[in-house]
Amino acid sequence: MSNSPAATKRPGRSGGFASRKLAPYLFLTPFVLLFIAFIVAPLVYAFYMSLYRDTLVGGRHFAGAASYIKVTGDAKFWGGVWNLVLFGVVQVPIMLGLALLFAIVLDRGQVYAKGLFRLGFFLPYAVPSVIATIIWGYLYGPNFGPFTQIAKALSIPPPDFLSPGAMIFSLANMVTWEYAGYNMVIYYAALKAIPSDLAEASRIDGASSWQFARLIQLPLLWPAILLTIIFSINGTLQLFNEPYLMRSLASNTINSSYTPNLYAYSLATQGQQYGYAAAVSFVLGIVIAGASYIFTLITNRRRPGQ
Amino acid sequence: MMSATPDIATFDAATRRPGERRRSRIILTLLLSLFLIYSFVPLIYLVLSSTKTNGDLFATFGFGLGTEFNLWQNLSDLLTRDNGIFMRWMFNSVVYSTAAGLGAAIFATAAGYAFAKFKFVGRKPLFALVLGAVMIPQTALVVPIFLLLALSGLSDNPLGVILPSMISPIGVYLMRVYIEQAVDDELLDAARIDGAGELVIFRAIVLRLVAPGMVTVALLSFVGTWNNYFLPLIVLRSQDYQPITVGLATWYQLAQQGGGGGQVLFSIIITGALVSIIPVIAAFLLLQRFWQGGLTAGSIK
């Protein structure tokens, strides 16, 4: 019996094998506990709440899918989504296009004071969006905003950054200011990871600088670009801080359903309609996941350089 | 020429004449300078405005100097306003962000280590779940978290902000990739043969090898928590518990509403905004290396 394969194995200490089997669960426990408590449980609870209807008289009733049916036809919700689609279609390409251009230029070292640009572009990302909104709010403001001051000094009508027509661009400008440098750093890091002998090889093959960027760098950058686009879609559809604070400057332009998150927030805090607010959040999550998924499908079909 | 170190920068050097190259270099520098000015304008405005009296904010040009240098008075007003609540908010932000950064780094490293170096039942679906969580709109979780905290008696408790901020799914992902590359399997096996327990191996070997990756995750969570507004806004009711973002925003809204002497707050808010961004900018400048390293790992894989 002592010649059986099991006995010829290394004489492990008792418990050594068992502890190696248990170790991964031990290492996962703290993270998984928090994950369950603050991601899984809220999701489950929100879903449960979304199936009930809160009424002022009579309390909470089971309503099944009624809230979801109501959201699909809720003009306020879709109006907010539409605002952000318009916002994103303009803002995201401008922001990511600039970030990509700057990253390529800086990576090639075709400028003076490279380090200053890299740091300077990134600096706004260190400013919390609340603070950024406060600063831009004062810059836009009719009280003592410098642009209003310039217009008054020149006796021309001051620009109204807070009007219904201009607000979406004013918000887009703030978001671009906050995140363009962040996206540039992502592209810059990805460009630095491209092996430098590729540049040498394509130069020997007679490729132009533009051909090199388009045919070699862009396809290799594609995972990073895709990542930033999905982050941007996600961030755009969740816009809250900037419009929420700008409301105190322009309450006529930004109503309580200007963005879907603003809508969910006001439903929950002012209307006490927790069930309906949860349904709105869920549908928003589905819209975001759907938009990211469709985008990935489309771009995977036609990747540049393939 | 051919034997020079191949570098992307040499690409244009070789294909263009020197004069042409210098001209394009100047044009591109000017182009980037425009955007650099754009990046700095709001910050310069903030610095200039923080030196002005409330009257000068209205009476003098926004991008110019005031009639007197009032920064010290503004700082003193800021620190004494509402019994010095500003320093309390700063302190809260420092505590919440530091706790979130440390917790996220340790928990994400432990979880990332389990995913990177162990085979266990449920490994793949669990990792897919963690990755999927990156896509969940964070704001969608905030109201249910608030209601659940209320049910468990934790409403208006700083733990309601700190604990959720310690979860970093992207950190788990980054640490898994990092550990796969930085920790050698043979080293772990050698330690096991020597009789080291799993916790000792983690503490003595793994933590030491992956410290740079942990700093990246800690920095990401620190900054994310420092900048967070929605979660503390909903979860914390008492002013004494609020972080700097919620506190300053409350002052801002008060000032905007005008009445009740709110306008006196303008120069205080501007000075407070300036003071509140200094720690984050300092953290970025000091830890730049780690910050960029983390982004590289995230974007390539």
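Throughout this document, residue positions are counted from 1 along each chain, in the order its sequence is written. As they are written, the chains are lettered A onward and the ligands numbered 1 onward, keeping that order. Selection of residues for local features in this predicted model requires a pLDDT of at least 70, selection of side-chain atom pairs for listing and counting requires 80 or more, and totals for whole chains, interfaces and linings are taken over all residues.

Comments concerning the overall build of chain B
Only DSSP runs of H or I reaching four residues or more are called helices, and only runs of E reaching two or more are called strands; each is numbered from the N terminus. In terms of regular secondary structure, chain B is built from 15 helices and zero strands. Counting other C-beta atoms within 10 Å of a residue's own tells you its class, since 20 or more makes it buried, 12 or fewer makes it exposed, and anything in between is partly exposed; those C-beta atoms are placed from the backbone. Taking all 301 residues of chain B together, the buried fraction comes to 41%. C-beta atoms are first placed from the backbone for all residues, and any pair lying within 7 Å is then listed as a contact. Contacts in chain B between residues far apart in sequence, at least 24 positions, make up 74% of those at least 6 positions apart.

So, the overall build of chain A
Counting secondary structure elements, chain A contains 13 helices and two strands. As defined in this context, the radius of gyration uses C-alpha atoms, and a globule is described by 2.2 Å times the residue total to the power 0.38. Against the 2.2 N^0.38 benchmark of 19 Å for 306 residues, chain A shows a C-alpha radius of gyration of 26 Å, more extended than a compact globule. With respect to the three principal axes, the spread of C-alpha positions in chain A is 100 × 75 × 35 Å. Counting contacts in chain A only where the partners sit at least 6 residues apart, residues at least 24 apart contribute 70% of the total.

Observations regarding the domain arrangement of chain A
Domain assignment breaks chain A into domain 1 (12-41) and domain 2 (74-301). For domain 1 of chain A and domain 2 of chain A, the distance between their C-alpha centroids amounts to 39 Å. Note that domain bounds follow an automatic or database assignment of domains.

Re the interface of chain A and chain B
Listed by partner, the interface residues are 85 residues for chain A and 76 residues for chain B. Of the residues in the side of chain A that touches chain B, the class split is 58 nonpolar, 20 polar and seven charged. Residues are grouped as follows: Ala, Val, Leu, Ile, Met, Phe, Trp, Tyr, Cys and Pro are nonpolar; Asp, Glu, Lys and Arg are charged; all remaining types, including Gly, are polar.

Quick word on the packing of helix H4 (residues 75-108) of chain A against helix H12 (residues 260-269) of chain A
Residues and elements named next belong to chain A. Axes here refer to lines fitted to C-alpha atoms; in helices the fit is confined to the stretch in contact. Angles between the N-to-C directions go from 0 to 180 degrees. Two elements in contact, H4 and H12, have axes whose closest approach is 8 Å; the angle formed by their N-to-C orientations is 145°. Across from Lys 76, Phe 77, Gly 80 and Val 81 in H4, the residues of H12 making contact are Pro 260, Leu 262 and Tyr 263. Looking at the contact of H4 with H12 residue by residue, the classes come out as five nonpolar, one polar and one charged.

Examining the nonpolar core
Counting 159 residues, the largest nonpolar core has Tyr 187 and Val 280 of chain A together with Ile 269 of chain B as its most contacted members. In this structure, this core is formed jointly by two domains, domain 1 (12-41) and domain 2 (74-301) of chain A, each of which donates at least three residues. The term nonpolar core refers to a group of buried residues, namely Ala, Val, Leu, Ile, Met, Phe, Trp, Tyr and Cys, whose C-beta atoms join them within 7 Å.

A look at the confidence of the model for chain B
All names here are of chain B. Residues of chain B with pLDDT of at least 70 account for 88%, and the chain-wide mean is 84. Looking over chain B, one finds the lowest element-wise mean pLDDT in helix H1 (residues 8-15), namely 51, and the highest in helix H7 (residues 159-165), namely 94. Here residues 1-7 is a poorly scored stretch, pLDDT under 50, and it has six contacts once near neighbours within four places are set aside; other chains count. Values of pLDDT, ranging from 0 to 100, describe the predictor's confidence in every residue of the model. In the model, residues 297-301 has pLDDT below 50 throughout and makes 13 contacts with residues more than four positions away in sequence or in other chains. Listed scores for the predicted complex are pTM 0.84 and ipTM 0.83.

So, the confidence of the model for chain A
For residues with low pLDDT, the predicted coordinates do not support detailed interpretation. Residues and elements named next belong to chain A. Here chain A averages 84 in pLDDT, while 91% of its residues score no lower than 70. Of all the helices and strands in chain A, helix H1 (residues 5-8) carries the lowest mean pLDDT, 42, while H4 carries the highest, 92. Across residues 1-15, confidence stays below pLDDT 50; counting only partners more than four residues off in sequence or on other chains, it has three contacts.

What about the packing of H4 of chain A against helix H8 (residues 167-192) of chain A?
Residues and elements named next belong to chain A. Close contact between H4 and H8 brings their axes to 7 Å; oriented N to C, the two are set at 40°. At the point where H4 passes H8, the crossing takes the right-handed sense. Residues that form the contact of H4 with H8 fall into these classes: 23 nonpolar, four polar and two charged. In this scheme the handedness of a crossing depends on how the near helix is turned from the far one: anticlockwise by less than a right angle means left-handed, clockwise means right-handed.

Here we look at unusual backbone geometry
With phi around 55°, Ser 155 of chain A is a residue other than glycine that occupies positive phi space. Its 6 C-beta neighbours within 10 Å are what place Ser 155 of chain A among the exposed residues. Of note in the backbone geometry, Asn 83 of chain B takes a positive phi value of approximately 55° without being a glycine. Mapped onto the elements of the fold, Asn 83 of chain B is located in helix H4 (residues 71-117). For Asn 83 of chain B, a count of 7 C-beta atoms within 10 Å puts it in the exposed group.

With respect to helix H6 (residues 129-140) of chain A
Residue and element names in this part refer to chain A. Expected span of a helix, by definition, is 1.5 Å for each gap between consecutive residues, and there is one gap fewer than residues. In a regular helix each residue adds 1.5 Å, so twelve residues correspond to 16 Å; H6 covers 16 Å between its end C-alpha atoms and thus fits that length. Counting buried residues in H6 gives twelve out of twelve residues, a clear majority hidden from the surface. Of the positions making up H6, those classed as buried are Ser 129, Val 130, Ile 131, Ala 132, Thr 133, Ile 134, Ile 135, Trp 136, Gly 137, Tyr 138, Leu 139 and Tyr 140.

Description of the environment of Asp 184 of chain B
Mapped onto the secondary structure, Asp 184 of chain B falls in the loop between helix H8 (169-182) and helix H9 (185-193). Linking Asp 184 of chain B and Leu 209 of chain B, residues 25 residues apart in sequence, is a C-alpha distance of 9.8 Å.

Focus: the environment of Asp 74 of chain A
Following the sequence through the fold, Asp 74 of chain A ends up in the loop between helix H3 (66-72) and H4. Along the chain, Asp 74 of chain A and Ile 39 of chain A lie 35 residues apart, while their C-alpha atoms are 27 Å from each other.

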